[in-house]
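Understanding the architecture of this molecule
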Amino acid sequence: MGRKLLLEHINVPGINTFDVYRSKGGYAAVEKALKTLTPEEVVEEVKKSGLRGRGGAGFPTGMKWSFLAKPEGVERYLVCNADESEPGTFKDRFLMTYIPHLLIEGMIVASFALGAKTSYIYVRGEMMPQIRILEKAIAEAKAKGFLGKNILGTGYDLELYVQPGGGAYICGEETALLESLEGKRGNPRIKPPFPAIAGLYGCPTVVNNVESIAAVVPIINDGGDEYAKIGIGRSTGTKLISAGGNLKKPGVYEIDLGLPAEEFLYSDDYCGGIANGKLLKAVVAGGSSVPILPANLFLKTINNEARLMSYESLADGGFVSGTMMGSGGFIAYDEDQCIVRNTWNFARFYHHESCGQCSPCREGTGWMEKVLHRLEYGHGKMSDMDLLVDVSKKIEGNTICPLGDAAAWPVASAIRHFRDEFEWHVTNAYEATTRNYGLAHYADPLNAVIA
Amino acid sequence: MKVTIDSITIEVEPGTTILNAARMIGGDIVPPAMCYYSKLEGSGGKCRTCLVQVSKGSEKDPRPMPKLVASCRTTVMDGMEVKNISSPEVIEARKGVVEMLLINHPLDCPVCDQAGECHLQDLGYEHGAAKTRYEFDRRTFEKIDIGDKIQLHMTRCILCYRCVFVADQITDHRIHGILNRGDHSEISTYITKAVDNDFSGNVIDVCPVGALTDKTFRFKNRVWFTKPVEAHRECENPKCCGKVTLWYKGEDVLRVTARKDEYGEAEEFICNTCRFDKKKTIDWVIEGPRKVSHKSVISSNHYDTLKPLPVVKTNPLLQQANKEQFERETRL
């Protein structure tokens with residue numbers, strides 16, 4: 001099992017309290033950063049570490065920080081995006097529940113690096129227990145002088161607030177999150193201007209995922225160069241993967257990026273293989289938004305190389321035969337699962353969560369959901385597959401925010417890779433309502449697949 | 001700043017959007033806009049009908065933009081090259097957007113008061129398909145009365161947010177917004193609370209479809225049977241300009257609206273007194289007939305004069321072609 005940076009002390013009893021966390025070396029990064037480093041040096045360390053955003057897009061965090069506009073006399077904000085609502089992803093909730101002080105510590109260091117005097121943690125409304133945990137942790141840190149005025153006597157002031165959201169998926173999009181944080185309707189803003197120029201209340205703002213901010217702590221403790229040694233290529237460090245679906249051992253795992261996908265799936269250190277002795281049929285590698293892959297294409301790339309758990313390797317093959325790292329919501333499907341039903345379920349989610357601001361997404365997500373519902377319940381037509389692909393193309397790239405793309409990709413990829421299962425739902429309509437298509441050839445060696 | 005749209009170059013001020021640059025050139029290369037309204041701050045970017053392709057970012061950074069951009073919210077850069085009707089991707093995407101806008105629209109034009117001056121009708125005529133691929137029930141809503149003068153028929157709404165911006169920016173206090181999300185979103189006055197405000201009538205003028213209609217005009221006549229006449233009066237309201245279009249049928253003024261330009265935008269907003277209460281010729285000083293674009297059904301059987309576009313005025317070759325085209329069109 002690889003090394004653990006974020007979840008090292010996760011099993012220590014009472015790690016959610018300040019004293020235990022501190023006794024395990026917690027808040028050392030705050031001391032190091034505030035007392036020995038300048039904000040620019042902290043940004044430089046994060047840049048050196050090669051840390052990439054853990055929320056889904058994988059944009060280098062250090063780069064994002066250095067883009068922040070710093071006009072004189074204007075407040076700057078750091079906002080932590082804890083609105084984790086991607087189906088299949090639960091790593092941030094896990095982290096906030098069991099080791100909240102890691103996030104608080106990361107927030108202090110990151111706010112110091114960006115020169116923010118006020119920072120917010122925007123938590124999804126459904127996560128009420130986590131909001132209470134964070135508020136308690138903030139109160140503890142404040143009592144010990146790690147938050148508030150003149151932190152550790154360094155003259156740096158920081159106020160940290162927890163803001164519950166309304167529980168909308170769209171508020172995980174950074175500009176919609178800022179709108180919601182300002183107390184408005186959570187509609188994504190039209191970019192430009194980007195939040196780094198005009199974000200919260202029109203001031204320069206950085207929005208980072210919970211895990212990205214937590215990862216700043218080991219980066220400052222060990223140094224950016226040390227962190228960059230972990231991982232492979234441009235995918236550095238460790239990543240939390242929320243493994244779910246038909247696995248023997250579902251849960252949150254911290255992996256070194258670059259771990260072979262096969263090892264992650266079948267090793268007893270991680271997921272332990274497919275439950276109940278079944279066979280793997282398909283995998284969604286990074287949360288519901290990323291393209292779904294059949295078992296054979298997930299384990300091997302189209303060039304017959306082993307697939308690794310890294311940003312580059314998962315994306316190998318582009319949209320034709322690859323997928324994306326996304327937010328790390330790993331969902332495995334065994335041979336008994338129905339891909340049509342799963343695709344309908346995802347489409348239903350995006351239909352429900354579309355903000356309704358721009359027309360392709362508002363109307364298109366509902367349309368796709370209705371067509372998929374028809375297919376799943378045996379009323380589909382052969383032309384429906386082409387219709388779905390066409391509708392998904394009309395949505396993709398034509399919307400204000402990436403929710404349109406996120407709704408289009410799972411549908412388009414499911415039809416690309418599992419078209420015969422969709423067709424079987426049309427030709428054997430009655431059978432399709434009583435049994436599933438089964439494994440078919442989706443786990444066959446790659447050369448049998450015509451991609 | 002130089003910007004080239006469909007191979008026509010024009011010099012514009014910095015900060016101009018692509019859409020406004022295209023409107024300066026005029027003609028067929030102007031992208032359609034359903035949600036953008038030049039008089040309302042922050043409007044635009046939502047309907048996606050004005051998508052264009054930027055094939056060259058600027059003189060400094062000639063890389064093309066990776067995705068189609070909303071021309072109403074993208075400002076021009078020096079040396080930018082934009083493709084609108086000359087790009088197959090744009091045409092394809094626009095067709096997709098029009099299809100999306102129409103799948104939940106009731107298509108009740110025969111009984112809709114907006115027919116004849118409806119932007120969605122024009123857009124569907126220009127870019128839409130004759131048959132729909134949508135085979136499900138369309139979304140419907142109950143009609144809502146917003147005060148005694150305005151009716152909201154959400155079923156027809158395309159959620160352009162223009163009326164929300166009017167409520168925010170033109171009227172005094174907002175009791176009007178969007179409820180719910182996704183395709184259940186609806187314009188609402190928050191549980192039928194009446195919009196009672198001096199300028200609330202302007203939501204009728206900004207609505208691109210028949211979702212917000214004038215109850216004093218509903219079902220009185222078809223717009224193409226009425227004759228638009230420009231008129232003005234000394235309005236007591238200091239914020240109202242008093243310049244309107246009167247829509248006559250015979251001797252009677254059937255309705256009063258703001259004066260709309262060729263893109264359907266009100267030139268200046270008017271107050272509710274002018275709009276709803278002054279419906280006699282004696283209230284007004286008549287200026288003369290209102291020119292309506294010859295492409296509109298309202299101007300059928302009206303005479304027209306040659307009005308060359310700004311870019312044509314400087315080019316003798318285009319001048320000749322424009323004259324010929326004008327003669328060909330008006331002969332019909």
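Residues numbered from 1 in each chain as written. Chains lettered and ligands numbered in written order. Predicted model: local features only at pLDDT ≥ 70, side-chain atom pairs only at ≥ 80, totals over all residues.

1. Points about the overall build of chain A
When you go through chain A residue by residue, the secondary structure sums to 19 helices and 14 strands. Relative to a compact globule of 451 residues, whose C-alpha radius of gyration would be 22 Å, chain A shows 22 Å and is just as compact. For the C-alpha atoms alone, the extent of chain A along its principal axes is close to 75 × 45 × 35 Å. For chain A, the proportion of its 451 residues judged to be buried stands at 57%. Contacts spanning at least 24 positions in sequence make up 72% of the contacts within chain A whose residues lie at least 6 apart. (Helix = DSSP H or I, 4+ residues; strand = E, 2+ residues; numbered from the N terminus. Rg over C-alpha atoms; globule rule 2.2 N^0.38 Å. Buried ≥ 20, exposed ≤ 12 C-beta atoms within 10 Å, placed from the backbone. Contact = placed C-beta atoms within 7 Å.)

2. Quick notes on the interface of chain A and chain B
It is common to report an interface's size as the accessible area lost on association of the parts. Counting from both sides, the interface comprises 22 residues of chain A and, opposite them, 25 residues of chain B. Of all the secondary structure elements, the ones that give two or more residues to the side of chain A that touches chain B are helix H15 (339-353), helix H16 (359-376) and helix H17 (384-395) of chain A. Looking at the side of chain A that touches chain B, the element that brings in the most residues is H16 of chain A, giving eight residues. A breakdown of the residues in the side of chain A that touches chain B according to their chemical character gives seven nonpolar, 10 polar and five charged. (Nonpolar A, V, L, I, M, F, W, Y, C, P; charged D, E, K, R; others polar.)

3. A short note on the pairing of strand S3 (residues 148-151) of chain A
Residues and elements named next belong to chain A. Here S3 runs beside strand S4 (residues 156-164); their pairing, made up of two bridges, is antiparallel. Across the sheet, residue Ile 151 finds its bridge partner in S4, namely Tyr 156. The antiparallel pairing of S3 with S4 creates a hairpin that spans four residues between the two strands, and Leu 152 there sits at a positive phi of about 55°. (Pairing = 2+ DSSP bridges.)

4. Here's the deal with the sheet that holds strand S6 (residues 144-146) of chain B
All names here are of chain B. With antiparallel pairing, the three strands of this open sheet are ordered in space as S6-S7-S10. Because the sheet does not close on itself, it has two edges, and the strands there are S6 and strand S10 (212-214). Taking each pair of neighbouring strands and ignoring which way they run, the sheet shows an average axis angle of 30°. Summarising the sheet, S6 and strand S7 (residues 150-152) pair through three bridges and their orientation is antiparallel. For Asp 145, the partnering residue across the bridge sits in S7 and is Gln 151. (Axes fitted to C-alpha atoms, helices over the stretch in contact; angles between N-to-C directions.)

5. A look at unusual backbone geometry
Of note, the bond from Lys 191 of chain A into Pro 192 of chain A is cis; its omega dihedral lies within 30 degrees of zero at -5°. Inspection of the secondary structure puts Pro 192 of chain A in the loop between helix H8 (174-181) and strand S5 (205-209). The phi dihedral of Tyr 201 of chain A falls on the positive side, at around 50°, and the residue is not glycine. By the secondary structure assignment, Tyr 201 of chain A is in the loop between H8 and S5. A positive phi is found at Arg 48 of chain B, a non-glycine position, where the angle reads about 70°. Tracing the backbone through its elements, the reader meets Arg 48 of chain B in the loop between helix H1 (18-25) and strand S3 (51-56).

6. Some points on the domain arrangement of chain B
Residues and elements named next belong to chain B. As far as domains go, chain B holds domain 1 (2-97) and domain 2 (104-130 + 140-289). Computed over C-alpha atoms, the centres of domain 1 and domain 2 are 27 Å apart. Each partner contributes to the interface: domain 1 provides 16 residues, whereas domain 2 provides 16 residues. (Domains from an automatic or database assignment.)

7. Let's talk about the domain arrangement of chain A
All names here are of chain A. Its domain assignment divides chain A into domain 1 (18-229), domain 2 (241-334) and domain 3 (339-435). Just the C-alpha atoms count here: the centres of domain 2 and domain 3 sit 22 Å apart. Ranked by residues supplied to the side of domain 2 that touches domain 3, first place goes to strand S12 (residues 292-294) with three residues. Counted by class, the side of domain 2 that touches domain 3 contains eight nonpolar, two polar and no charged residues.

8. Regarding helix H4 (residues 162-169) of chain B
Residues and elements named next belong to chain B. By the criterion of burial, H4 is predominantly enclosed, with six of the eight residues buried. Among the residues of H4, Arg 162, Cys 163, Val 164, Phe 165, Val 166 and Ala 167 are the ones counted as buried. The elements touched by buried residues of H4 are strand S8 (177-179), strand S9 (186-188), helix H5 (202-206) and S10.

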